[in-house]
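Overview (structure and organization)
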Amino acid sequence: MDLKKHIRRLSIATLFALTTLPMAAQDLLARQAPVDRKMKAVDTLIFKSVAAREEMESPAAQLYEDFNNKYAHRITNVPDSFKISLRHFCMPTTSRVVTSNFGARWGRQHKGIDIKVYIGDTIRAAFSGKVRIVKYEAAGYGKYVVIRHPNGLETIYGHLSAQLVSENQVVRAGEPIGLGGNTGRSTGSHLHFETRLCGMALNPALMFDFRNQDVTGDYYVYNSRTYDDESELASHLRGKIGNGGYTQELVRGESYNHNESDNSSDEIVYYKVKSGESLATIARKRGISLDRLCELNRISKSTRIRPGQILRCS
């Protein structure tokens, strides 16, 4: 009898153990699930970190075969269509004044746009990337910097008075990379700014709106079939306006007056001399006397002026 009771008790205990085993296993799995999710999240973060580091070390590797500092630009295999991210940007300068558009100019192609800056003004990296070139070109860019970005673009900053970065340096968007200047083939202090895809110059106005200190969207899609028309429209919408007059505040980024030809205020207004103009024609155009124009610029009526020279008009 006692043996039967013992066997019955043992069977019940065994049955209880067998029935509770799956529950224990389920509890174990339940406790393990958050750990697995955490480990997966950590692995994802590590992967993203490594990928980002590799991308910065060799930006846009899928587009470019190499990373050399021999050429400022050289056209390679340009895709028929390519989506360029414009997120996480910084305007290269706070100046809102475009003095020269992209495209035909003086019998040749102008491969970028010119932004009025003063000597010593801070020039910043438009996107994060890696500095490919820091050089001087007397007959062209002057002191210039080329940066390759993970979004596929290369940006060029020309006519600098000083370069603040070195080749192969990794920079972040907004980091100072140079100072505004008048070096190289230049007729007045300004920033020559280029945006290139696989060496081919794209109109920066397609992506950057200097007047409003913003980009045109989260991304720009380059399409070889529609590019020319889009570029022309971009210059019309976001390129040079007026007859070249501007205020120091517009250049310094302190204010924005849409009516640039309105000189009724006490703001200092400057004018960039065009080819064929004289002091007399500029005085008439700006609505001041020739004597006053000479007085403001501390010059005489016989002073010879040159295209690109900056004159104060108020």
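Look up a bit, the structure's there.
It should be emphasised that the depicted structure is a prediction, and the values quoted were computed from it without experimental measurement. (Residues numbered from 1 in each chain as written. Predicted model: local features only at pLDDT ≥ 70, side-chain atom pairs only at ≥ 80, totals over all residues. Heavy atoms only, no water.)

Focus: the pairing of strand β9 (residues 153-160)
We apply this condition: Per-residue accessibility, obtained with a 1.4 Å probe over protein chains only, is compared with the maximum for each type, and a residue is labelled buried under 20%, exposed over 50%, and partly exposed between these values. Strands here mean DSSP runs of E at least two residues long; helices mean DSSP runs of H or I at least four residues long; both are numbered from the N terminus. Two strands are said to pair when DSSP picks up at least two bridges between them.
Across the eight residues that make up β9, a large majority, eight, are buried. Sheet topology places strand β8 (residues 142-148) next to β9; five bridges connect them, and they run antiparallel. Paired with Lys143 across the bridge in β9 is Leu160. From the end of β8 to the start of β9, which pair antiparallel, there are four residues, and Gly152 there has a positive phi angle of about 105 degrees. Two strands pair when backbone bridges link them, and β9 and strand β13 (residues 190-197) are joined in this way by six bridges, in the antiparallel orientation. Paired with Thr155 across the two strands is Thr195, which belongs to β13.

Quick word on the nonpolar core
Test applied: By nonpolar core we mean a set of buried residues, namely Ala, Val, Leu, Ile, Met, Phe, Trp, Tyr and Cys, connected to one another through side-chain atoms within 4.5 Å. Here, two residues are considered to be in contact whenever any of their heavy atoms come within 4.5 Å of each other.
If you look at the biggest cluster of nonpolar residues, it comprises 41 residues, and the most contacted ones within it are Tyr157, Ile177, Met207 and Phe208. Listed by contribution, the elements that provide at least two residues to this core are β1 (81-85), β5 (113-116), β8, β9, β13, β14 (200-202), β17 (219-223) and α2 (227-238). Apart from residues lying up to four places away in sequence, Phe208 is in contact with Cys90, Met91, Pro92, Ala126, Phe127, Phe193, Thr195, Asp214, Val215, Thr216 and Arg238. Listed in part, the 10 residues of the second largest apolar core include Tyr271, Val273, Ile282 and Cys313.

Quick word on the environment of Lys301
Cut-off, in case you're wondering: Two N or O atoms form a polar contact when they lie within 3.5 Å of each other; inside protein one atom must be a possible hydrogen donor and the other a possible acceptor, and for residues adjacent in sequence the pair counts only when both atoms belong to side chains.
With respect to the helices, strands and loops of the structure, Lys301 is situated in the loop between α5 (290-297) and β20 (310-312). Once the C-alpha coordinates of Lys301 and Asp291 are considered, the two residues, 10 residues apart in sequence, prove to be 7.7 Å apart. Setting aside its immediate chain neighbours within four residues, Lys301 contacts Leu279, Leu290, Asp291 and Cys294. A distance of 2.9 Å separates polar atoms of two side chains, one belonging to Lys301 and the other to Asp291.

Thoughts on the pairing of strand β7 (residues 129-137)
For a regular strand, side-chain orientation follows a simple rule: the groups alternate between the two sheet faces. Pairing of β7 with strand β11 (residues 170-171) involves two bridges; the strand directions are antiparallel. Residue pairing for β11: Gly129 is matched across the bridge by Val171. Note that β7 and β8 share seven bridges and pair antiparallel. Residue pairing for β8: Ile133 is matched across the bridge by Val146. Here β7 folds back onto β8, and the loop between the two strands holds four residues.

Section: the sheet that holds strand β10 (residues 162-163)
Here we have three strands laid out as an open sheet, ordered β6-β12-β10, and antiparallel in their pairing. For this open sheet the edge positions go to β6 (122-124) and β10, each flanked by a neighbour on one side alone. Alignment of β6 against strand β12 (residues 176-179), held across three bridges, turns out to be antiparallel. By the bridge assignment for β12, Thr122 is matched with Leu179.

Quick word on the packing of helix α4 (residues 279-286) against α5
Between two packed helices, the angle of one axis relative to the other and the distance separating the axes together describe the packing. Convention followed: Lines fitted to the C-alpha atoms define the axes, with helices restricted to the stretch that makes contact. Angles between their N-to-C directions range from 0 to 180 degrees. Our angle categories are set so that under 35 degrees counts as roughly parallel, over 145 as roughly antiparallel, 65 to 115 as roughly perpendicular, and the remainder as oblique. Under the convention adopted here, Pro, Cys and the residues Ala, Val, Leu, Ile, Met, Phe, Trp and Tyr are nonpolar, Asp, Glu, Lys and Arg are charged, and Gly plus all remaining residues are polar.
One way to put it is that α4 packs onto α5 with a least axis distance of 9 Å and a crossing angle of 105 degrees. Taken together, the axes of α4 and α5 are roughly perpendicular relative to one another. Note on element contacts: α5 touches α4 through Leu290, Leu293 and Cys294, opposite Leu279, Ala280, Ile282 and Ala283. Here the residues of the contact of α4 with α5 are counted per class, giving seven nonpolar, no polar and no charged.

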